[in-house]
Amino acid sequence: MTEEHPDGGAARGAGAADEDLMRALYQEHAGPLFGFVLHLVAGDRQRAEDVVQETLVRAWRNIHRLDPAAGSLRPWLVTVARRIVIDGHRSSRARPREVDPSPLELLPAEDELDRALRLMTISEALGDLSEAHRRVIVETYLMGRTVNEAAAELGIPAGTVRSRVFYALRSLKLALEERGVTS
């Protein structure tokens, strides 16, 4: 019974000789081939290891065609490795890299982003107000206090709170318009 060769054909009856040839091929050429490929893949060690492995697998599949007596096999191996790198480069350009979508799930939804941007803009606009105007806006709108509660908290008359809120809102509207916020 004949042993099946990886390419589908019958083995030459020299399975042990093929194994020895592959071991010798690996020992003699794997190191230099790795260095060559590492340069081609811009220092990506993982990619270089994959290319060298694929090159040696192709050599093993074509072992029946390789004649070690014909001279060095390194030019053939280098050509195969270079073609593997080129093919990999072409396929990566033809098809975008797949990306793990899980980091996108951590980003806030569009509504949350809009809300955050609005709050940042309002905070910046509040910084343009005078201290007195900013304090009445904070007490009434942000803290949710009534005019009388804000007056008691700030230690000023309720009428002054109303007046400052009116002018503070007008100044705030102008500050927001300067930042491109309308309506």
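Heads up: these notes are all about the structure in this document. In this text, all values refer to a predicted model and were calculated from it rather than measured experimentally.

Topic: the overall build of the protein chain
- Each helix and strand in the protein chain was counted, giving eight helices and zero strands.
- Sequence-ordered secondary structure for the protein chain, helices as α and strands as β, is α-α-α-α-α-α-α-α.
- Out of the 183 residues in the protein chain, the part that is buried amounts to 26%.
- If you take every contact in the protein chain between residues at least 6 apart in sequence, the share linking residues at least 24 apart comes to 58%.
- Accessible surface for the protein chain amounts to roughly 13100 Å². Of this, 54% is attributable to carbon and sulfur atoms.

Regarding the nonpolar core
- Counting residues in hydrophobic clusters, the biggest one holds 21 residues, and the most contacted among them are Leu25 and Val37.
- For this core, the secondary structure elements donating two or more residues are helix 1 (15-40), helix 2 (45-61) and helix 3 (74-94).
- If one sorts the elements of this core by residue count, helix 1 sits on top with eight residues.
- With 16 residues, the next largest nonpolar core counts Ala125, Ala158, Val165 and Leu172 among its residues.

Things to note about the pattern of salt bridges
- Within the structure shown, the criterion is met by five salt bridges.
- Note that glutamate 124 and arginine 179 form a salt bridge whose closest N and O atoms lie 3.6 Å from each other. Pair noted here: glutamate 124 is in helix 5 (residues 110-128) and arginine 179 is in the segment after helix 8 (158-178), with a separation of 55 residues, a long-range link.
- Given a relative accessible area of 47%, glutamate 124 falls into the partly exposed group.
- With its nearest N and O atoms 2.9 Å apart, the salt bridge here joins arginine 134 to glutamate 131.

Structural notes on the packing of helix 6 (residues 131-142) against helix 7 (residues 147-154)
- Helix 7 packs onto helix 6 with a crossing angle of 130 degrees between their chain directions and a minimal axis gap of 9 Å. Comparing their axes, helix 7 and helix 6 come out oblique. Crossing geometry of helix 6 relative to helix 7 is assigned as right-handed. The residues of helix 7 that touch helix 6, namely those facing Arg135, Val136, Glu139 and Thr140, are Ala150, Glu153 and Leu154.

A few points about the side chain of glutamate 139
- Among the secondary structure elements, glutamate 139 is positioned in helix 6.
- Judged by relative accessible area, which is 12%, glutamate 139 ranks as buried.

What to know about helix 8
- A rise of 1.5 Å per residue sets the reference length of helix 8, with its 21 residues, at 30 Å; its end C-alpha atoms lie 30 Å apart and thus fit the reference within 8%.
- The complete set of buried residues in helix 8 reads Ala158, Val161, Val165, Ala168, Leu172, Ala175 and Leu176. Down the axis of helix 8, the buried set is contained in an arc of 95 degrees. They therefore lie on one face. Across helix 8 from its buried face, at more than 90 degrees, point the exposed residues Lys173 and Glu178.
- Two residues or fewer past helix 8, glycine 180 is found with a positive phi of approximately 90 degrees.

Re the packing of helix 2 against helix 3
- For the pair helix 2 and helix 3, interaxial distance at closest approach is 9 Å and the crossing angle is 125 degrees. With respect to helix 3, the element helix 2 is oriented oblique. Handedness of the crossing formed by helix 2 with helix 3: right-handed. Seen from helix 2, the contacting residues are Arg47, Val51, Glu54, Thr55, Leu56, Arg58 and Ala59; seen from helix 3, they are Trp76, Leu77, Val80, Ala81, Ile84, Val85 and Gly88.
- Class assignment of the residues belonging to the contact of helix 2 with helix 3 gives a composition of nine nonpolar, two polar and three charged.

Conventions used here
Residues numbered from 1 in each chain as written. Predicted model: local features only at pLDDT ≥ 70, side-chain atom pairs only at ≥ 80, totals over all residues. Heavy atoms only, no water. Helix = DSSP H or I, 4+ residues; strand = E, 2+ residues; numbered from the N terminus. Buried < 20%, exposed > 50% of the residue type's maximum accessible area, 1.4 Å probe, protein only. Contact = heavy atoms within 4.5 Å. Areas by Shrake-Rupley, 256 points an atom, 1.4 Å probe, with all protein chains shown as cover. Core = buried A, V, L, I, M, F, W, Y, C linked by side-chain atoms within 4.5 Å. Salt bridge = Lys/Arg side-chain N within 4 Å of Asp/Glu carboxyl O. Axes fitted to C-alpha atoms, helices over the stretch in contact; angles between N-to-C directions. Parallel < 35°, antiparallel > 145°, perpendicular 65-115°, else oblique. Left-handed = near helix turned anticlockwise from the far one by under 90°. Expected span 1.5 Å × (residues − 1). Arc of directions from axis to C-beta. Nonpolar A, V, L, I, M, F, W, Y, C, P; charged D, E, K, R; others polar.

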